[in-house]
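Architecture and fold: a report
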Amino acid sequence: MNKIAIFPGSFDPYTNGHHDIVCRGLDIFDEVVIAIGHNSQKIRYFQVVQMKQSIESAFTNEPRVTVMIYDQLTAELAKDYGANYLLRGLRNTTDFEYENSISQVNRYLNQELETVFLITSPQYASISSSIIREVHKYGGDIKNFLPYQLS
Ligand code: ADP
């Protein structure tokens with residue numbers, strides 16, 4: 001049976017830190033689905049369809065990665081997709097506190113679901129989407145934080 005992992009997140013934007021988690025996830029899983037959570041009521045900084053295309057452009061030679069946009073419970077998405085794993089990244093204890101709670105809830109909602117955490121590589125530990133949005137908003141150059149070219 002194929003081991004399929006969903007990597008859910010806002011990815012506003014998808015960064016080198018996220019990319020590192022996916023690339024390392026491919027050593028563990030047969031397929032990784034990058035699932036961009038998007039609630040149409042919420043305003044994003046980077047447009048969601050454009051972000052999907054940007055992420056896809058970082059994986060043109062990797063058929064084991066799929067990128068999708070979703071607006072439902074992650075635990076339900078995993079069921080629909082036949083995925084038994086969620087992939088998440090951990091940078092620090094703040095991430096841990098949050099990730100611990102959501103992984104318990106996801107397991108409650110879908111007993112088949114195992115969340116697998118990868119500790120961030122040290123060079124990406126200080127990268128967060130919110131800081132990158134802020135840098136971009138005030139005209140800073142963010143290209144070294146992203147695994148694709150912004151269009
Ligand atoms: P969410 O809104 O679900 O927190 P994010 O897009 O911020 O979505 O993050 C998705 C996942 O990637 C989370 O597990 C988060 O901890 C992880 N992550 C974010 N930035 C990094 C990074 N620099 N290194 C490793 N993991 C990261």
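Summarised in this report is the structure supplied together with it. Predicted model, so just to flag it, every value in this text is computed and none were measured.

What counts, and at which threshold
Residues numbered from 1 in each chain as written. Predicted model: local features only at pLDDT ≥ 70, side-chain atom pairs only at ≥ 80, totals over all residues. Heavy atoms only, no water. Buried < 20%, exposed > 50% of the residue type's maximum accessible area, 1.4 Å probe, protein only. Helix = DSSP H or I, 4+ residues; strand = E, 2+ residues; numbered from the N terminus. Arc of directions from axis to C-beta. Contact = heavy atoms within 4.5 Å. Salt bridge = Lys/Arg side-chain N within 4 Å of Asp/Glu carboxyl O. Core = buried A, V, L, I, M, F, W, Y, C linked by side-chain atoms within 4.5 Å. Patch = residues over 30% accessible without salt bridge, like charges linked within 9 Å, V, L, I, M, F, W, Y side chains within 5 Å. Areas by Shrake-Rupley, 256 points an atom, 1.4 Å probe, with all protein chains shown as cover. Near = heavy atom within 4 Å. Polar contact = N/O pair within 3.5 Å; in protein donor to acceptor, adjacent residues only side chain to side chain. Nonpolar A, V, L, I, M, F, W, Y, C, P; charged D, E, K, R; others polar.

The next point concerns helix α3 (residues 74-81). Inspection of α3 places T74, A75, L77 and A78 among the buried residues, and these make up the whole buried set. Seen end-on, α3 carries its buried residues on one side only, within an arc spanning 160°. Along its buried surface, α3 packs onto β1 (4-9), β2 (31-37), β3 (65-70), β4 (85-90) and α4 (93-109). Immediately beyond the C-terminal end of α3, within one or two residues, lies G82, with a positive phi of roughly 70°.

Applying the stated criterion across every chain, the model contains nine salt bridges. A salt bridge links K79 to E76; the shortest N-O distance between them is 3.6 Å. Of the two residues, K79 and E76 both sit in helix α3, three residues apart, roughly one turn of that helix. Of the residues examined, K79 reaches a relative accessible area of 45% and is grouped as partly exposed. A salt bridge links E99 to R88, with the shortest nitrogen-to-oxygen separation between them at 2.8 Å. Pair noted here: E99 is in helix α4 and R88 is in strand β4, with a separation of eleven residues, a long-range link. Assigned by exposure class, E99 and R88 land together as buried.

Let's shift gears to the nonpolar core. Judged by nonpolar contacts, the single largest core of 25 residues is most densely connected at Y14, V22, I34, I55 and L87. Looking at this core, the elements that each hand over two or more residues are β1, α1 (16-25), β2, α2 (48-57) and β3. What L87 contacts, discounting residues up to four positions off in sequence, is A5, I6, F7, P8, I21, V22, G25, F29, V32, V116 and L118.

Further remarks concern the environment of F7. Among the secondary structure elements, F7 is positioned in strand β1. Assessed through its relative accessible area of 4%, F7 is described here as buried. In this structure, the C-alpha to C-alpha distance between F7 and S54, residues 47 residues apart in sequence, is 16 Å.

The next subject is a nonpolar patch on the surface. There is a patch of nonpolar side chains on the surface, built from L73, V105, Y108 and L109 and spanning about 410 Å² of accessible area. Within the secondary structure, L109 is located in helix α4.

Every one of the 16 residues lining the ligand counts as a neighbour, but S10, G89, T120, Y124 and I127 are closest to it. One of the side-chain N or O atoms of D95 is found 3.4 Å from an oxygen atom in the ligand. Between the ligand and Y124, the relevant distance is 2.9 Å, taken from a nitrogen atom to a main-chain nitrogen or oxygen of the residue. Contact with the protein chains covers 87% of the free accessible surface of the ligand, which is 550 Å². Mapped onto the shell around the ligand, the elements with two or more residues apiece are β1, α1, β4 and α4. Residue composition of the shell around the ligand, by class: six nonpolar, six polar and four charged.

What follows covers unusual backbone geometry. For the bond running from D12 to P13, omega is 5°, close enough to zero to count as cis. Along the chain, the position of P13 falls in the loop between β1 and α1. Despite not being glycine, F11 shows a phi value in the positive range, around 50°. With respect to the helices and strands, F11 occurs in the loop between β1 and α1.

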